[in-house]
Amino acid sequence: GAVVSQHPSRVICKSGTSVKIECRSLDFQATTMFWYRQFPKQSLMLMATSNEGSKATYEQGVEKDKFLINHASLTLSTLTVTSAHPEDSSFYICSARDGGAGVVEQFFGPGTRLTVL
Amino acid sequence: AQSVSQHNHHVILSEAASLELGCNYSYGGTVNLFWYVQYPGQHLQLLLKYFSGDPLVKGIKGFEAEFIKSKFSFNLRKPSVQWSDTAEYFCALHNFGNEKLTFGTGTRLTIIP
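Residues numbered from 1 in each chain as written. Chains lettered and ligands numbered in written order. Predicted model: local features only at pLDDT ≥ 70, side-chain atom pairs only at ≥ 80, totals over all residues. Heavy atoms only, no water.

Now for the overall build of chain B. Looking only at helices and strands, chain B features zero helices and 12 strands. A compact globule built from 113 residues would reach a C-alpha radius of gyration of about 13 Å, and chain B, at 13 Å, matches this within 12%. The C-alpha extent of chain B, read off along each of the three principal axes, is 45 × 30 × 20 Å. Within the span of chain B, comprising 113 residues, buried residues form 47% of the whole. Contacts spanning at least 24 positions in sequence make up 55% of the contacts within chain B whose residues lie at least 6 apart. Put simply, chain B shows about 5400 Å² of open surface, and 54% of that area lies on carbon and sulfur atoms. (Helix = DSSP H or I, 4+ residues; strand = E, 2+ residues; numbered from the N terminus. Rg over C-alpha atoms; globule rule 2.2 N^0.38 Å. Buried < 20%, exposed > 50% of the residue type's maximum accessible area, 1.4 Å probe, protein only. Contact = heavy atoms within 4.5 Å. Areas by Shrake-Rupley, 256 points an atom, 1.4 Å probe, with all protein chains shown as cover.)

This is how it looks when you write it as structure tokens:
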């Protein structure tokens, strides 16, 4: 099946710094990638939909200036948490769709554990 | 708005017991439904999916799920669980209108050897 990677798998940073998380589709081109956030013992909450070559679409309540998403190529999307604070500590998961609109199945990355001190 | 409910938050079973995890959804249109599994320390993996046709779908590792439209349900079943089935299980709904996946809150399954 299609493989999605994330880097880094774990990051610890100081409050006020910015952190970039990469999401790559390894064996397919992904015009659309998704970013989710998972709190402990809770479900995945969609943060934004990232489309190659265009601006991301953010879910209600997600600050676009804080969570910057760039989808510069068909195999790479990045999420930058700017001026991170302890409340941003979470598990961030990306997924990618192997195809355009109408393709349903998403393939998930292994996630990135962000801890902000 | 669409939503997915998983009422079992934590299920504990002995090996060889039968399993049924509940999933109910709320959405008036055409749906695609999924069950994902997240083993400890690993990423989400697709167990099975329902798009159309036979409402009883079979997935990997002996899992199956039944889509009952009248009950808005998509329960996951396995006749005999193994210790290796210990994981978090998520039901998800895909909405063709907005191309989004909505996840349930997940059910933690613990299998006792």
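Right, picking up where we left off after that structure.
On to the pairing of strand S12 (residues 107-112) of chain B, then. Residue and element names in this part refer to chain B. Taking every second residue as pointing to the same face, the buried face of S12 carries Thr107, Leu109 and Ile111, while none of Arg108, Thr110 and Ile112 on the other face is buried. With five bridges joining them, strand S2 (residues 10-14) and S12 adopt parallel strand pairing. Across the sheet, Ser14 pairs through a bridge with Ile112, a residue of S12. (Pairing = 2+ DSSP bridges.)

This part is about the sheet that holds strand S1 (residues 4-7) of chain A. All names here are of chain A. Spatial ordering of the open sheet is given by S1-S3-S8-S7, a layout of four strands whose pairing is antiparallel. Across the chains shown, the open sheet's two edge strands, defined by having one partner strand only, are S1 and strand S7 (67-73). Taking each pair of neighbouring strands and ignoring which way they run, the sheet shows an average axis angle of 15°. Bridge count for S1 against strand S3 (residues 19-25) is four bridges, and the pairing is antiparallel. Bridged to Gln6 within S3 is Cys23. (Axes fitted to C-alpha atoms, helices over the stretch in contact; angles between N-to-C directions.)

Let's shift gears to the state of the cysteines. All names here are of chain A. Scanning the model with the defined rule gives two disulfides over all chains in all. Residue pairing for Cys23: its cysteine sulfur links by disulfide to Cys94, the two sulfurs lying 2.0 Å apart. Between Cys23 and Cys94 the disulfide shows an S-S torsion of about 80°. By sign, it is right-handed. Remark: Cys94 occurs in strand S9 (residues 90-97) and Cys23 occurs in strand S3; sequence separation between them is 71 residues. (Disulfide = S-S within 2.5 Å.)

Okay, the interface of chain B and chain A next. Taken together, the 18 residues of chain B in the interface contact 20 residues of chain A. Note on chain B versus chain A: buried area summed over both sides is about 1500 Å², and carbon and sulfur give 57% of it. Looking only at chain B, the three residues that lose the most surface to chain A are Glu99(B), Lys100(B) and Phe103(B), adding up to 30% of its buried area. Between chain B and chain A we count two salt bridges in total. (Buried area = accessible area lost by both parts, 1.4 Å probe. Salt bridge = Lys/Arg side-chain N within 4 Å of Asp/Glu carboxyl O.)

It is worth spelling out the layout of surface pockets at this point. The space that makes up the largest pocket amounts to roughly 470 Å³. At the level of secondary structure, the elements contributing two or more residues to the lining of the largest pocket comprise strand S10 (87-95) and S12 of chain B. Of the residues in the lining of the largest pocket, the class split is nine nonpolar, eight polar and five charged. Taken as a whole, the second largest pocket spans an internal volume of roughly 330 Å³. Taken together, 16 residues form the lining of the second largest pocket, with Met45(A), Gln2(B), Leu101(B), Thr102(B) and Phe103(B) sitting closest to its centre. Going through the elements one at a time, strand S5 (44-51) of chain A together with strand S1 (3-5) and strand S11 (100-103) of chain B are the ones with two or more residues in the lining of the second largest pocket. When residues of the lining of the second largest pocket are assigned to their parent elements, the largest contribution, four residues, is made by S11(B). Class assignment of the residues belonging to the lining of the second largest pocket gives a composition of seven nonpolar, seven polar and two charged. (1 Å grid on protein atoms, 1.4 Å probe; cavity = no way out; pocket = protein on both sides within 12 Å on 5 of 7 lines; lining within 4 Å. Points joined across faces, edges and corners; volume = space filled by probe spheres on them. Nonpolar A, V, L, I, M, F, W, Y, C, P; charged D, E, K, R; others polar.)

Residues and elements named next belong to chain A. Along the polypeptide, Thr112 turns up in strand S11 (residues 112-116). Reaching out from Thr112, the side chain makes a polar contact with the backbone oxygen of Pro8 at a distance of 2.6 Å. Residue contacts for Thr112: discarding those within four places in its chain leaves Gln6, Pro8, Ser9, Val11, Ile21, Ser90, Phe91 and Tyr92. (Polar contact = N/O pair within 3.5 Å; in protein donor to acceptor, adjacent residues only side chain to side chain.)

Here the focus is the side chain of Thr102(B). Residues and elements named next belong to chain B. Take Thr102: it is sitting in strand S11. For Thr102, the side chain forms a polar contact with the side chain of Gln2, separated by 2.7 Å. If sequence neighbours within four positions are ignored, Thr102 has contacts with Gln2, Ser3, Val4, Cys91, Ala92 and Leu93.

Formed by 28 residues in total, the largest nonpolar core has its most connected members in Trp35(B), Leu47(B), Leu48(B), Phe74(B), Leu76(B) and Tyr89(B). Contributing elements (two or more residues each) for this core: S2, strand S3 (19-21), strand S5 (31-38), strand S6 (45-50), strand S8 (64-68), strand S9 (73-78), S10 and S12 of chain B. Judged by nonpolar contacts, the second largest core, of 24 residues, contains Ile21(A), Cys23(A), Trp35(A) and Val116(A). (Core = buried A, V, L, I, M, F, W, Y, C linked by side-chain atoms within 4.5 Å.)

Take the environment of Cys23(A) next. Judged by relative accessible area, Cys23(A) falls into the buried class, the value being 0%. With near-sequence residues (within four places) excluded, Cys23(A) lies in contact with Val4(A), Ser5(A), Gln6(A), Met33(A), Trp35(A), Thr75(A), Leu76(A), Ser77(A) and Cys94(A).

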